[in-house]
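Geometric and topological summary
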Amino acid sequence: MGVVVHRFELLLLRSCLFLEIVNGYYLPGSFPNKYDVGDRLYVKVNSLTSIDTEIPYGYYTLPFCKPLEGIKDSAENIGELLMGDRIENSPYRFKMFKNESEIVLCKPSALSSDEFKTLRERIDEMYQVNLNLDNLPAIRYTYTDGYFLGWTGYPVGIKVGDIYYVFNHLKFTVLVHRYEHDNVVGLIGTGDGVELITRSNDTNSEGYMVVGFEVQPCSVNHDVSLLKNIEPYGKYSKPIKCDPSSVAMAVTEGHSITYTYEVPFVMSDIRWPSRWDAYLKMEGAKVHWFSILNSLMVITFLAGVVLVIFLRTIRRDLAQYEELDEAQTQMNEELSGWKLVVSDVFRAPDHPQLLCVMVADGCRILGMAFTTIFFAALGFMSPASRGALISGMLMFYLLLGVIAGFVAVWLQKTLEAGNARGWFVVSLRVACFFPGISFLMLTILNSLLWASQSTGAIPFTTFIVLILLWFCISMPLTIIGGFIATRVRYIEYPVRTNQIPRQIPPSRFPSWILVLGAGTLPFGTLFIELFFIMSSIWLGRVYYVFGFLFVVLILLVAVCAEVSLVLTYMHLCVEDWKWWWKSFFASGSVALYIFLYSINYLVFDLKSLSGPVSAIIYLGYSLLMVIAIMLATGAIGFLTSLLFIHHLFSSVKID
């Protein structure tokens, strides 16, 4: 025992020493880069995006200046590819702490008819140019009604009357902070590639970190006569006044557009761990903490009341059945009808194998959500790591195939009283059910994006990778989980089932109305949070309150379980023993209200969304999300009801 304690103390001491070394650095997977004066800073370009169409396009699909060394793709993970991000190098050349102005980027050739048409379309559709420096998106500030508003990216151009103007001069501002000489031994990679950070022993060496990247777009009509002898990256001989309130460079077919830029470096008090605050505090991305907290308190109180009433009712019924004699029981049969269905409550449901598959896939999706949000709350999937959230979700979904296969086969054994025959087929169906639905929908949506020549389309090679992950990782793990379930003890029914099913008394209202209405309570736990999630997906806002989302998810699980239990008990009291599917959809019906909310969000919050392709893409991804939520919440309700009914009929003495 003393040896174990000693090893534990040694491990704790080493952990403390490690924490002292890293000094609380910073977001996991994200470390500062040190630049000396004159070091090259690499500006990256991302896809052009618009909230008007939700169809991203490549940066170089427009007649912008191209880098002299050629266009090169930066390191991308599968999450970035699925999100439609296309990170490429840019022609912009910065050197640390070297202020430059009136730099001529390039002199493109005259606009062709197709280029002129495409440029006008992108301006009409309000496309934004997205740039990154040291993994920080370029941010643009505007002054409106006495407030400074922050936006990522800048518009391609603007239409004034019938004339189109392009923003061809960019004033960059790079905020830097003196490098803090902490003993950091690193590793690291934040999305633009992996760089090594070594321990610095020379505390007198100068170094700086990038803590801000701002851009101010302007439309400037350059003097053509002054550009004849200027090479790329040469200096324009005339001062350029960047005035965002005026536009001058009109887009005309057959005329070229000269692009210029300037970049001052500004010392800032912003420390490196706080450099993302400007993005997280942008107007429109603020979380209304008071409203959400108030909603959570109401829902928690309501769920507690439902739980207390439910427990008291069950205890009263159990006490009656223990105390009443046989004559009194017959007199109270109508009052407490759930005991009357004792010989039918465990009768196999319709389509039992489909139910097993849906519940198993729901458990897998729920496990993926819990693990992904948990690690995101710890900071491992921060905004600094592009594509990490999608990559994490995909990885956890693949690995949790073991859980899906196990639940499906275990549930089938329970429904068939221990018969494990056909477990391999059930495992295969679980491995193909939701992934097959997702693959079919993604293929249809991807075809639309391919036809639109959008970077949002998943590349063919990525499709091949997804298929290989599906059949080489997900499917074998699911089969392994199913095989393990064949060796595990199943739930044995405490009562026998009659051969002839009991007739269900007719009810005044269809029971499915109550089942569909039950989804309103789970929906009430997340509808406020759902607004911010939808805004981050479709309006380009940064979502970062994963800790709060984790609490909401736990609350949602509790409410789904309670709602399903209450409805299952109500159905048994009216002698309705067909509770299997109803318990699944009692909590799973929350997906119906989420889909209706998605339509409402499309109509009222995405009013500028134009074109049938954009609407189909939005509804397609919303439908995929709704199916996943239905499976996850339905699995919660069904498994809770199954365990409750088994415990209920095991606790009473059946005559």
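See the structure shown above.
Quick summary incoming for the structure in this document. These numbers come from a predicted model, not from an experiment.

What follows is about the sheet that holds strand β5 (residues 131–133). The strand order β2-β1-β5-β6 describes an open sheet built from 4 strands, whose pairing is antiparallel. Every other strand in the sheet has two partners, leaving β2 (88–95) and β6 (136–137) as the edge strands with one partner each. Pairing between strand β1 (residues 40–45) and β2: 5 bridges, direction antiparallel. The residue of β2 that forms the bridge with Tyr42 is Arg93.

Following the criterion strictly, the structure yields 41 aromatic pairs and no others. For the pair Phe375 and Phe396, a centre-to-centre distance of 5.6 Å together with 15° between the ring planes defines the contact as stacked. Within this pair, whereas Phe375 is found in helix α7 (residues 352–377), its partner Phe396 is found in helix α8 (residues 388–399), the two being separated by 21 residues in sequence. Judged by its relative accessible area of 32%, Phe375 is partly exposed. Considering the side-chain rings of Phe531 and Phe532, the 5.3 Å spacing of their centres and the 75° angle between planes classify their relative orientation as edge-to-face. Take Phe532: its relative accessible area is 7%, and that puts it in the buried class. Here the aromatic cluster, defined as three or more aromatic residues joined through ring pairs, consists of Phe370, Phe374, Phe375, Phe380, Phe396 and Phe550. Just above the ring of Tyr233 sits the side chain of Arg93; from NZ or CZ to the centre is 4.1 Å.

Moving on, we come to a nonpolar patch on the surface. There is a patch of nonpolar side chains on the surface, built from Leu516, Leu592, Leu596, Ile599, Val603, Phe604 and Leu619 and spanning about 590 Å² of accessible area. Ranked by residue count, the leading element in the nonpolar patch is helix α16 (residues 590–604), at 5 residues. With respect to the element layout, Leu619 can be found in helix α17 (residues 612–650).

Below, the discussion takes up helix α13 (residues 520–538). Helix geometry: α13 is bent most strongly at Leu526, by close to 50°. Phi turns positive, to about 70°, at Gly540, one or two residues after α13.

A separate point is the state of the cysteines. Taken as a whole and judged by the stated rule, the model has 2 disulfides. Here Cys65 is linked by a disulfide to Cys106, with a sulfur-sulfur distance of 1.6 Å. The sign of the -80° torsion about the S-S bond sets the Cys65-Cys106 disulfide as left-handed. Placement of Cys65 in the loop between β1 and α2 (78–83) and of Cys106 in strand β3 (residues 100–106) is noted, with a sequence separation of 41 residues between them. Comparing Cys65 with Cys106 shows no difference in burial state: the two are buried. In this model Cys218 forms its disulfide with Cys242; the gap between the sulfur atoms is 1.7 Å. As the torsion about the S-S bond is roughly 75°, the Cys218-Cys242 disulfide counts as right-handed. Taken together, the residues span a long stretch of sequence, with Cys218 in strand β13 (residues 208–218) and Cys242 in the loop between β13 and β14 (259–263) at a distance of 24 residues.

With that out of the way, let us pick up helix α14 (residues 546–573). Taking 1.5 Å of rise per residue, 28 residues should cover 40 Å, and α14 covers 41 Å from first to last C-alpha, within 8% of that figure. Looking one or two places after α14, you find Glu575, whose phi comes out positive at around 65°.

Below, the discussion takes up the nonpolar core. Core analysis: the biggest nonpolar cluster contains 95 residues, and Val359 and Phe638 have the highest contact counts within it. Built from parts of two domains, this core gets at least three residues from each of domain 2 (351–492) and domain 3 (509–654). Grouped together as the second largest cluster of nonpolar side chains are 55 residues, Tyr60, Val129, Tyr154 and Tyr233 included.

Thresholds applied
Residues numbered from 1 in each chain as written. Predicted model: local features only at pLDDT ≥ 70, side-chain atom pairs only at ≥ 80, totals over all residues. Heavy atoms only, no water. Pairing = 2+ DSSP bridges. Helix = DSSP H or I, 4+ residues; strand = E, 2+ residues; numbered from the N terminus. Phe/Tyr/Trp six-rings, centres within 6.5 Å; stacked < 30°, edge-to-face > 60°. Buried < 20%, exposed > 50% of the residue type's maximum accessible area, 1.4 Å probe, protein only. Lys NZ or Arg CZ within 6 Å of the ring centre and 35° of its normal. Patch = residues over 30% accessible without salt bridge, like charges linked within 9 Å, V, L, I, M, F, W, Y side chains within 5 Å. Areas by Shrake-Rupley, 256 points an atom, 1.4 Å probe, with all protein chains shown as cover. Salt bridge = Lys/Arg side-chain N within 4 Å of Asp/Glu carboxyl O. Bend = angle between axes of the 7 residues up to and from the residue. Disulfide = S-S within 2.5 Å. Expected span 1.5 Å × (residues − 1). Core = buried A, V, L, I, M, F, W, Y, C linked by side-chain atoms within 4.5 Å. Domains from an automatic or database assignment.

Honestly, it's all geometry; don't read function into it.
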